Structure formats: C-alpha cells, structure tokens
Amino acid sequence: MSTITLTSADFGQAVTKDGILLVDFWAEWCGPCKQFGPIYEAASEAHPDITFGKVDTEDQQELAGAAGITSIPTLMVFREGVLVFSQPGALPAPALEQVIEGAKNLDMVEVHKQVAEQQAAAEAGEAPAEHSH
C-alpha cells in the first residue's frame, strides 16, 4: 500500500517535509470517499515520489476540525509546507492527475515569496492578537 495514515501526532511533520504531500480527508461511512479511495490509491502507486496521506475524519475529528474540513472527501495538497490546493469532492482520475502535475510544476520560489508577502501584509495590518491560555 502506498498511502499512509496520518494522525494529529504526525500531520505537522508530514506537511513540513520537503516534496509534495497529498492528503485525503475521508470517513468509512462516506460513499464518495469510497469511490475516490481506489483512484487515490492508484495515483499513489503511479507517483512514488509523492507522499499520499489519508486522514480518517471520524478517528481524527480534532485534526479535521483544525484543517477546516466541512465536507468529505476533501483533498489537500502541500508542497514544502505550503497548502497549494484544497478542494472538497471526489475527483475523477484525470482531474487528480491534473492536480498532481500542477503541484509538481509550481514555481516554489514564487509561492514562498507570495506567502511571505501575505504574512507581512497580515502583520502590518490587523493581525489578530494572540491570547495566552
């Protein structure tokens, strides 16, 4: 099996690793998730250079909540720690292939520059105050 199960314990580490990480948020009771599963698995075998993770939203409710998952399946793609794609719904194989190729072809220098600019703008503007617990 080429997919890995992700939990809140290892999700952060998986996201920040170099390379590309796809994450399928799913649940056992979800029909579209079951349809998407074999497509996702096949893609994971076709792209051994990419990490394919799965998050069971029933088992990992806190992680799904932190990721803002409101509908499943939801596919997220991270590259070098940056969320570069997020979309709910089961994708057909050709669409999943397009997402993977898009992630591979990103200019990450430009992406990191945009992220830095967004962070700088947020810090200069109305950054939310941090509350201590």
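Throughout what follows, the structure given in this document is the object of discussion.

About the thresholds
Residues numbered from 1 in each chain as written. Predicted model: local features only at pLDDT ≥ 70, side-chain atom pairs only at ≥ 80, totals over all residues. Heavy atoms only, no water. Phe/Tyr/Trp six-rings, centres within 6.5 Å; stacked < 30°, edge-to-face > 60°. Helix = DSSP H or I, 4+ residues; strand = E, 2+ residues; numbered from the N terminus. Buried < 20%, exposed > 50% of the residue type's maximum accessible area, 1.4 Å probe, protein only. Expected span 1.5 Å × (residues − 1). Contact = heavy atoms within 4.5 Å. Salt bridge = Lys/Arg side-chain N within 4 Å of Asp/Glu carboxyl O. Pairing = 2+ DSSP bridges. Axes fitted to C-alpha atoms, helices over the stretch in contact; angles between N-to-C directions. Lys, Arg positive; Asp, Glu negative; His and termini not counted. Polar contact = N/O pair within 3.5 Å; in protein donor to acceptor, adjacent residues only side chain to side chain. Disulfide = S-S within 2.5 Å.

Let us now look at the packing of aromatic side chains. By convention here, two paired aromatic rings are described through the distance between centres and the angle between planes. Inspection of the entire model under this criterion finds 4 aromatic pairs. Ring centres of phenylalanine 36 and tyrosine 40 lie 5.6 Å apart, and the angle between their planes is 45°; on these two criteria the pair is classed as tilted. Taken together, the residues phenylalanine 36 and tyrosine 40, both in helix H2 (residues 31-46) and 4 residues apart, mark about one turn of the helix. Judged by relative accessible area, which is 1%, phenylalanine 36 ranks as buried. Exposure remark for tyrosine 40: the relative accessible area of 0% places this residue in the buried category.

This part is about H2. Here H2 contains 16 residues, and its C-alpha end-to-end distance of 24 Å stays within 8% of the 22 Å for a straight helix at 1.5 Å per residue. If you check which residues of H2 are buried, you get Cys33, Phe36, Gly37, Tyr40, Glu41, Ala43 and Ser44. Turning to H2, the residues buried within the fold contact strand E1 (3-5), strand E2 (20-26), strand E3 (51-56), strand E4 (74-79) and helix H4 (93-104).

Turning to the pattern of salt bridges, a few remarks are in order. Applying the stated rule across the entire model yields 3 salt bridges. Close ionic contact of aspartate 24 with lysine 54 constitutes a salt bridge, the shortest N to O distance being 2.8 Å. Here aspartate 24 is found in strand E2, whereas its partner lysine 54 is found in strand E3, with 30 residues between them in sequence. Taken individually, aspartate 24 and lysine 54 each receive the classification buried, so the pair is uniform in this respect.

Here we come to the environment of aspartate 49. Within the secondary structure, aspartate 49 is located in the loop between H2 and E3. Expressed as a C-alpha distance, the spacing of aspartate 49 and leucine 21, which sit 28 residues apart in the sequence, is 9.7 Å.

This next bit is on unusual backbone geometry. The amide bond that connects isoleucine 72 to the next residue, proline 73, takes the cis arrangement and shows omega of 0°. Here proline 73 shows up in the loop between helix H3 (61-66) and E4.

On to the sheet that holds E4, then. Read across the sheet, 5 strands follow the order E1-E3-E2-E4-E5 without closing on themselves; strand pairing throughout is mixed. Lying at the two open borders of the sheet, with one neighbouring strand each, are E1 and strand E5 (82-88). Across the sheet, the axes of successive neighbouring strands diverge by a mean angle of 25°, strand direction being ignored. Inspection of the sheet shows E4 paired to E5 by 6 bridges, in the antiparallel sense. Bridge pairing in E5 places arginine 79 opposite valine 82. Sheet strands in contact with H2 are E1, E2, E3 and E4, and its direction is about 160° off that of E3.

Turning our eyes to something else, we now look at the side chain of glutamate 41. Its place among the elements puts glutamate 41 in helix H2. Although buried, glutamate 41 forms no salt bridge, and the nearest oppositely charged side chain, lysine 54, lies 6.2 Å from it. At a separation of 3.3 Å, a polar atom in the side chain of glutamate 41 contacts the side chain of threonine 3.

Glancing now at the state of the cysteines. On inspection of all chains with the given rule, the structure shows 1 disulfide. In this model cysteine 30 forms its disulfide with cysteine 33; the gap between the sulfur atoms is 2.3 Å. Torsion about the S-S bond of the cysteine 30 and cysteine 33 cystine: about 80°, corresponding to right-handed handedness. We classify cysteine 33 as buried; its relative accessible area is 4%.

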